[in-house]
Amino acid sequence: MLDADDILVVRAQRGEAAAFEELVRRTSRLVFARLFLETGDTHQAEDLLQETLLTAYRTIGQVTQPERFRGWLLQIAQNLAHN
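Values in this document were obtained by computation on a predicted structure and should not be read as measured data. (Residues numbered from 1 in each chain as written. Predicted model: local features only at pLDDT ≥ 70, side-chain atom pairs only at ≥ 80, totals over all residues. Heavy atoms only, no water.)

K.L.:
How should the overall build of the chain be read in this particular structure?
P.N.:
The number of helices and strands found in the chain is 4 helices and 0 strands. Written out in order from the N terminus, the α and β elements of the chain read α-α-α-α. In terms of C-alpha radius of gyration, the chain reaches 12 Å, essentially the compact-globule figure of 12 Å for 83 residues. With the principal axes as the frame, the chain shows a C-alpha extent of 35 × 25 × 20 Å. In the chain, which comprises 83 residues, the proportion classed as buried is 31%. Counted over contacts in the chain with a minimum sequence separation of 6, partners at least 24 positions apart contribute 52%. Surface accessibility of the chain: about 5400 Å² in total, with carbon and sulfur atoms responsible for 50%. (Helix = DSSP H or I, 4+ residues; strand = E, 2+ residues; numbered from the N terminus. Rg over C-alpha atoms; globule rule 2.2 N^0.38 Å. Buried < 20%, exposed > 50% of the residue type's maximum accessible area, 1.4 Å probe, protein only. Contact = heavy atoms within 4.5 Å. Areas by Shrake-Rupley, 256 points an atom, 1.4 Å probe, with all protein chains shown as cover.)

So this is what it looks like as structure tokens:
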């Protein structure tokens, strides 16, 4: 049985790299699509996706509501796209 996203977030916060990698696998397409809609440019969307994931990795400890991880991640992406 696959862990829910919120469980993976908690595991990633404890330092489990495999949990964060699974979150990346589950959300990369969603975040890329959102960034592509925002920018209209594949290469820029790819660059912003990488920056989004790096920021998420560095700050995942700040997630206080693991069940809202996807919204948190999309907010990071949106902020980066607007900057």
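K.L.:
How should I be thinking about the packing of helix α3 (residues 42-59) against helix α4 (residues 69-82) in this particular structure?
P.N.:
For any two helices packed against each other, one specifies the inter-axial angle together with the distance between the axes. Between α3 and α4, whose axes approach to 9 Å, the crossing angle comes to 130 degrees. Compared by their axis directions, α3 and α4 come out oblique. In terms of crossing hand, the pair formed by α3 and α4 is right-handed. On α4, the residues that touch L48, E51, T52, T55, A56 and T59 of α3 are W72, L73, I76, A77, L80 and A81. Taken together, the residues of the contact of α3 with α4 sort by class into 8 nonpolar, 3 polar and 1 charged. (Axes fitted to C-alpha atoms, helices over the stretch in contact; angles between N-to-C directions. Parallel < 35°, antiparallel > 145°, perpendicular 65-115°, else oblique. Left-handed = near helix turned anticlockwise from the far one by under 90°. Nonpolar A, V, L, I, M, F, W, Y, C, P; charged D, E, K, R; others polar.)

K.L.:
Would you mind showing me how to read helix α1 (residues 5-13) here?
P.N.:
One full turn of an α-helix is made of 3.6 residues, so residues set three or four places apart face in the same direction. Considered for burial, the residues of α1 that qualify are D5, L8, V9 and A12. Viewed along the axis of α1, the buried residues span an arc of 105 degrees, placing them on a single side of the element. Of the residues flanking the end of α1, it is G15, one or two places downstream, whose phi is positive at about 100 degrees. (Arc of directions from axis to C-beta.)

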